[in-house]
Amino acid sequence: MNTFSDSVATALQLVLSGDPGLWAIVLRSLAVSATACLLACSLGLALGAGLAVARFPGRGVVLTLLNTALAVPAVVVGLVVYLLLSRSGPLGFLGWLFSFQAMVLAQAILVLPLVTALTRQVVEDADRSHGEQLSSLGAGLGLRSLLLAWDERYALLTVLITAFGRAIAEVGAVMIVGGNIEGFTRVMTTAIALETSKGDLPLALGLGLVLLAVVLLLNSAVALLRRWRERLDGGDLRMATT
């Protein structure tokens with residue numbers, strides 16, 4: 001018990017004192033996940049909105065494959081990216097293996113199906129509600145998907161926050177493609193795993209506390225956005241009935 005309490009006290013001291021090693025890992029983690037989410041969301045929002053309104057042969061197969069991609073383990077994604085970036089791989093000429101770029105690529109691939117699937121669901125629900133009205137006004141598929149996505153922008157913000165939370169909590173893929181190199185590719189999740197195995201519990205606990213704080217902030221942001229959206233919808237409804 002004394003060891004645990006001492007480790008927690010030391011961990012809090014590391015966090016509150018602004019330990020350079022700890023916060024360098026935290027900032028690197030945030031940078032990797034934010035960059036990965038930016039790339040994944042740029043493509044995933046467009047793909048999801050397009051799939052929501054498009055109707056074509058084989059759409060059911062595409063959606064099945066998309067839902068299957070949601071369940072792909074992170075280590076499998078890491079292995080695929082590792083093979084792509086290895087010297088004998090098709091992207092080996094980039095020299096990205098065990099680098100910041102490799103971790104960003106792995107997390108972006110991991111998060112892309114999540115963003116696409118959630119965006120498709122949000123926009124498709126909106127399309128059922130008032131998609132026909134937009135079609136009657138002459139809006140094509142591209143414009144319709146864009147207008148519906150904009151109309152559901154607050155719901156899509158929660159998708160972005162969820163994607164960031166998924167990326168920053170991931171450990172398997174970045175461990176494989178990043179190599180957990182100190183000062184270069186070590187992020188919060190990989191550092192926690194390493195320091196725990198080494199017996200450096202204070203640093204592992206300190207990083208764990210910061211990671212929990214980040215996840216708590218993300219969940220709080222999602223809850224606030226939902227409440228704000230409910231208030232906006234309630235205000236619009238009252239205005240429509242008066």
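For clarity, every value in this text was computed on a predicted model and none was experimentally measured.

### A word on the side chain of Arg186
With respect to the helices and strands, Arg186 occurs in the loop between helix H8 (172-178) and helix H9 (188-198). At 3.0 Å, the side chain of Arg186 forms a polar contact with the backbone oxygen of Asn180. Residues in contact with Arg186, not counting those within four places in the same chain, are Ile25, Arg28, Asn180, Ile181, Ala191, Leu194 and Glu195.

### Some points on the nonpolar core
Counting 53 residues, the largest nonpolar core has Leu22, Val123, Met188, Leu207 and Val210 as the members making the most contacts within it. A per-element tally of this core places helix H5 (residues 100-136) first, with twelve residues. When sequence neighbours within four positions are dropped, the list of residues in contact with Leu22 reads Leu14, Val15, Leu203, Gly206, Leu207 and Val210.

### Considerations on the confidence of the model for the protein
In this model, the protein carries an average pLDDT of 88, and 95% of its residues clear a pLDDT of 70 or more. The spread of mean pLDDT over the elements of the protein runs between helix H10 (residues 201-241), the lowest at 80, and helix H4 (residues 74-85), the highest at 95.

### Focus on the environment of Ser5
Within the secondary structure, Ser5 is located in helix H1 (residues 2-16). The exposure class assigned to Ser5 is partly exposed, which follows from its relative accessible area of 33%. For Ser5 and Pro202, which are 197 residues apart along the polypeptide, the C-alpha to C-alpha distance reads 10.0 Å.

### Side note on a nonpolar patch on the surface
Nonpolar side chains collect at one region of the surface, where Leu12, Leu16, Leu209 and Leu212 lie side by side and expose about 420 Å² of accessible area between them. Locating Leu12 in the fold gives a position in helix H1.

### Side note on the packing of aromatic side chains
All told, the structure shown has two aromatic pairs when counted by the stated rule. Ring geometry for Tyr154 versus Trp228: centroids 4.8 Å apart, planes at 70°, classification edge-to-face. Of the two residues, Tyr154 is situated in helix H7 (residues 153-168) and Trp228 in helix H10; the sequence distance between them amounts to 74 residues. For Tyr154, a relative accessible area of 18% gives the class buried.

### Points about the pattern of salt bridges
Using the criterion set out here, one finds seven salt bridges in the structure. Between Arg59 and Glu124 there is a salt bridge, with the nearest N and O atoms lying 2.9 Å from each other. Here Arg59 is found in helix H3 (residues 59-69), whereas its partner Glu124 is found in helix H5, with 65 residues between them in sequence. Take Arg59 and Glu124: they sit in the same class, and that class is buried. Lys198 is paired through a salt bridge with Glu195; the nearest N and O atoms lie 3.6 Å apart. Here Lys198 and its partner Glu195 are both found in helix H9, three residues apart, which amounts to about one turn of the helix.

### Quick word on unusual backbone geometry
The phi dihedral of Phe98 falls on the positive side, at around 60°, and the residue is not glycine. Within the secondary structure, Phe98 sits in the loop between H4 and H5. Taking relative accessible area as the criterion, Phe98 reaches 39% and is therefore assigned partly exposed. In the Ramachandran plot, Asn180 falls in the positive-phi region, its phi being about 55° despite a non-glycine side chain. By secondary structure assignment, the location of Asn180 is in the loop between H8 and H9. Exposure remark for Asn180: the relative accessible area of 9% places this residue in the buried category.

How each quantity is defined
Residues numbered from 1 in each chain as written. Predicted model: local features only at pLDDT ≥ 70, side-chain atom pairs only at ≥ 80, totals over all residues. Heavy atoms only, no water. Helix = DSSP H or I, 4+ residues; strand = E, 2+ residues; numbered from the N terminus. Polar contact = N/O pair within 3.5 Å; in protein donor to acceptor, adjacent residues only side chain to side chain. Contact = heavy atoms within 4.5 Å. Core = buried A, V, L, I, M, F, W, Y, C linked by side-chain atoms within 4.5 Å. Buried < 20%, exposed > 50% of the residue type's maximum accessible area, 1.4 Å probe, protein only. pLDDT = per-residue confidence, 0-100. Patch = residues over 30% accessible without salt bridge, like charges linked within 9 Å, V, L, I, M, F, W, Y side chains within 5 Å. Areas by Shrake-Rupley, 256 points an atom, 1.4 Å probe, with all protein chains shown as cover. Salt bridge = Lys/Arg side-chain N within 4 Å of Asp/Glu carboxyl O. Phe/Tyr/Trp six-rings, centres within 6.5 Å; stacked < 30°, edge-to-face > 60°.

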